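Fold and contact review
Here are the chains, one letter per residue:
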There are 2 protein chains.
Amino acid sequence: MKDRSSPTPIVCTVDVVLLTLRESVLQVLLLRREQAPFEGAWALPGGFVHADEDADTEASAARVLQSKVGIASPYLEQLATFSGLARDPRGWSIAVTYCALVSHDALQAALAANIEGSVQSQSPSRARSHLQLFDVAALPQLPFDHARIVEAAVARVRGKSLYSSLPVFLCGPEFTLPQLQQTYEAVLGEAVNKVSFRRKMDELDMLEAVPGAVRGGAAHRPAQLYRLRPEYRRSLSLLARGL
Amino acid sequence: MKDRSSPTPIVCTVDVVLLTLRESVLQVLLLRREQAPFEGAWALPGGFVHADEDADTEASAARVLQSKVGIASPYLEQLATFSGLARDPRGWSIAVTYCALVSHDALQAALAANIEGSVQSQSPSRARSHLQLFDVAALPQLPFDHARIVEAAVARVRGKSLYSSLPVFLCGPEFTLPQLQQTYEAVLGEAVNKVSFRRKMDELDMLEAVPGAVRGGAAHRPAQLYRLRPEYRRSLSLLARGL
DNA sequence: ACAATAGTGTCTGTTAGACACTATGCC
DNA sequence: GGCATAGTGTCTAACAGACACTATTGT
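Residue numbers restart at each chain and count upward from 1, following the sequence in its written direction. Going through the entries in the order they are written, you letter the chains from A and number the ligands from 1. Selection of residues for local features in this predicted model requires a pLDDT of at least 70, selection of side-chain atom pairs for listing and counting requires 80 or more, and totals for whole chains, interfaces and linings are taken over all residues. The side-chain quantities take in all heavy atoms of the structure and omit both hydrogens and water.

Observations regarding the protein's contact with DNA strand D
- Taken together, 21 residues sit near DNA strand D, with A:Arg199, A:Lys200, A:His220, B:Lys194 and B:Gln224 positioned nearest.
- One heavy atom suffices: a residue is near a molecule or strand as soon as one of its heavy atoms comes within 4 Å of it. Considering DNA strand D, the proportion of its atoms within 4 Å of the protein that are sugar or phosphate atoms stands at 57%.
- Two N or O atoms form a polar contact when they lie within 3.5 Å of each other; inside protein one atom must be a possible hydrogen donor and the other a possible acceptor, and for residues adjacent in sequence the pair counts only when both atoms belong to side chains. A distance of 3.1 Å separates a base oxygen of DNA strand D from a polar atom in the backbone of A:His220.
- The separation between a phosphate oxygen of DNA strand D and a polar side-chain atom of B:Arg198 is 3.1 Å.
- A run of DSSP states H or I qualifies as a helix once it reaches four residues; a run of E qualifies as a strand once it reaches two. Both are numbered from the N-terminal end. Elements that contribute at least two residues to the surface near DNA strand D include exactly α5 (194-204) of chain A together with α5 (194-204) and β10 (223-228) of chain B.
- With four residues, α5(A) is the largest single contributor of residues to the surface near DNA strand D.
- Grouping the constituent residues of the surface near DNA strand D by class yields nine nonpolar, five polar and seven charged. Under the convention adopted here, Pro, Cys and the residues Ala, Val, Leu, Ile, Met, Phe, Trp and Tyr are nonpolar, Asp, Glu, Lys and Arg are charged, and Gly plus all remaining residues are polar.

As for α5(B)
Residue and element names in this part refer to chain B.
- Restricting attention to buried positions, one finds in α5 the residues Phe197, Lys200, Met201 and Leu204. For α5, the buried positions fall inside an angular range of 95° around the axis, keeping them on one side. Turned more than 90 degrees away from the buried face of α5 sit Arg199, Asp202 and Glu203, all of them exposed.
- Any two residues whose heavy atoms approach within 4.5 Å are treated as being in contact. Against the buried residues of α5 lie α4 (177-188) and β9 (207-215).
- Positive phi appears at aspartate 205, one or two residues downstream of α5, with a value of about 55°. Buried means the residue's accessible area, taken with a 1.4 Å probe over protein chains only, is under 20% of the maximum for its type, while exposed means over 50%, and partly exposed covers the values in between. The directions considered for the arc are those from the helix axis to the C-beta atoms.

With respect to the sheet that holds β10(B)
Residues and elements named next belong to chain B.
- We treat two strands as partners when DSSP finds at least two bridges between them. Strand order in the open sheet formed by three strands is β8-β10-β9, with antiparallel pairing between adjacent strands. Of all the strands in the sheet, just β8 (174-176) and β9 have a single pairing partner and so form its edges. Averaged over all neighbouring strand pairs, the angle between strand axes comes to 40°, with direction disregarded.
- Alignment of β9 against β10, held across five bridges, turns out to be antiparallel. Axis definition: a line fitted to C-alpha atoms, over the contacting stretch in the case of helices. Angles run 0 to 180 degrees between N-to-C directions.

What to know about the pairing of β10(B)
- The pairing of β8(B) with β10(B) spans three bridges and is antiparallel. Looking at the pairing, B:Phe175 lines up with B:Tyr226 of β10(B).

What about the packing of aromatic side chains?
- Each aromatic pair joins two rings of Phe, Tyr and Trp (for Trp, the six-membered one) with centres within 6.5 Å, and gets the label stacked for planes under 30 degrees apart, edge-to-face for over 60, and tilted for any other angle. For the structure shown, the criterion picks out nine aromatic pairs over all chains.
- Ring geometry for A:Phe38 and A:Phe144: centres 4.9 Å apart, planes at 75°, overall edge-to-face. Placement of A:Phe38 in the loop between β2 (25-32) and β3 (42-43) and of A:Phe144 in the loop between β7 (131-135) and α3 (146-161) is noted, with a sequence separation of 106 residues between them.
- Ring centres 5.2 Å apart and planes at 65° place the aromatic pair B:Trp42 and B:Phe134 in the edge-to-face group. One end of the pair, B:Trp42, is in strand β3 (residues 42-43); the other, B:Phe134, is in strand β7 (residues 131-135), with 92 residues separating them in the sequence. Residue B:Trp42 shares its accessibility class with B:Phe134, and that shared class is buried.

Quick look at a nonpolar patch on the surface
- A cluster of nonpolar side chains, namely A:Leu162, A:Tyr163, A:Leu238, A:Leu243, B:Leu162, B:Tyr163, B:Leu238 and B:Leu243, defines an oily patch on the protein surface of about 660 Å² accessible area.
- Note on placement: B:Leu238 falls in the segment after β10. Patch membership requires more than 30% relative accessible area and the absence of a salt bridge. Residues of like charge join within 9 Å; the nonpolar side chains Val, Leu, Ile, Met, Phe, Trp and Tyr join within 5 Å. For every accessible area listed, the method is Shrake-Rupley and the probe measures 1.4 Å; residues are considered covered only by the protein chains on display. Salt bridges are defined by distance alone: a side-chain nitrogen of Lys or Arg within 4 Å of a carboxyl oxygen of Asp or Glu.

Overview of the nonpolar core
- The term nonpolar core refers to a set of buried residues drawn from Ala, Val, Leu, Ile, Met, Phe, Trp, Tyr and Cys, joined through side-chain atoms within 4.5 Å. With 52 residues, the main nonpolar core has A:Leu107 and B:Leu107 as its most contacted residues.
- Of all hydrophobic cores here, the second largest spans 42 residues; its members include A:Leu26, A:Leu142, A:Val192 and A:Phe197.

The values are spatial; any link to function lies outside them.
What follows is the structure, given as structure tokens:
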């Protein structure tokens, strides 16, 4: 029984599935690859694990997000690890994948800062045109096993949304209940009962009304703005009986 | 921006949390380490990923289970990946962890075959005394971050048991409904309603009665034996509304 | 006043659990 | 027959969804 480290080198990478909601459609951020293999193809933002600078693979994922997208996602969850000889032409590889959820506004702001910053400084180095959102139901051909990874991320997000507060991370810091409900509906892909939804949100005791703030401007009654209570900013709230 | 593989080598391992139920108590199989680091300590069965022989890390986990425990678990699920500099004194490491569920009978049979086989052949090489079950609530001091890994496995199994057929993998191939209910109760740590439980199992339509077979022998009415329908032997059945 | 959406009160069908009952083996 | 557990029928409380109603803005 050998006990040495494997002689065949193993490529260790992280890949990040950054999801956001644009006009009630779940979208994933892809990056045009600038290097071989698959140069020029749209792929998940990812990179090698840097053992000399990353505390762990979550730090690698955060570094990748910061350097390639210019954003620090408030929600970053480990998804799964994909491995094997077949997935990467460079050899036997391990990809630890993460799922990031970001509001569309925050993402657009980061991308805008990104393109400006790349004029003045050298980092982040990619222009906005190398980053693009794609509807998760209409992806281009993806290299490696990135299609499976996106699929796993979407399935995870859908599943968790059934019994947790996860979709709030797709909204901005303040949002109305109708907005949040639309977010749930977009993620789940089905309509949600308004009365039940509000009962659940009330039970969860996870939101607080922003005093006196409403979102108006339209020709109808304005809606109360809510935000996450501080204790739920970084962790999920779970429902006992789902939805 | 460097794009080469990290210069610092990364140790890639798999660790398996093998859980079973003994007298309604959830137990984890630990192995006494024969090599440094932590020689002599109880630890999760694990080993290096062998890029030259394993198709992927799940195959690595299956190989580790087979070679160190002498069992092929019918249920083997990826748990999470633990990584970083601090967890292993040998350096920056990645541990892809798996959770295996096995009936106590199957495990005992494997361990018995293991000890016999180790007399005649060279593989599996470990005697039974190097493998021992521990109550998950009363673990010895574990090396690396194995305590966290076991904790994650138990939490995952508890969580999934609330809304899936997962606990059936802790029973043998045939079992009675009261047995299965006890299994759920042991995993969840709380009593479940008999009528509701049977309604759910009926809805799931996942079990089939073994014709004419009952488990008797006691001074009371014998119970009907059931087994998993073939289509659910390797996949979970999910409940819409939990428990 | 009207349109349009926010937010609530209430009714009803469904579901989960409590309880009690019957069923069937062994002694 | 007695005992112990298997298995079921049924009542009730809790819950989720449907619907209708009121509330509040801009035009």
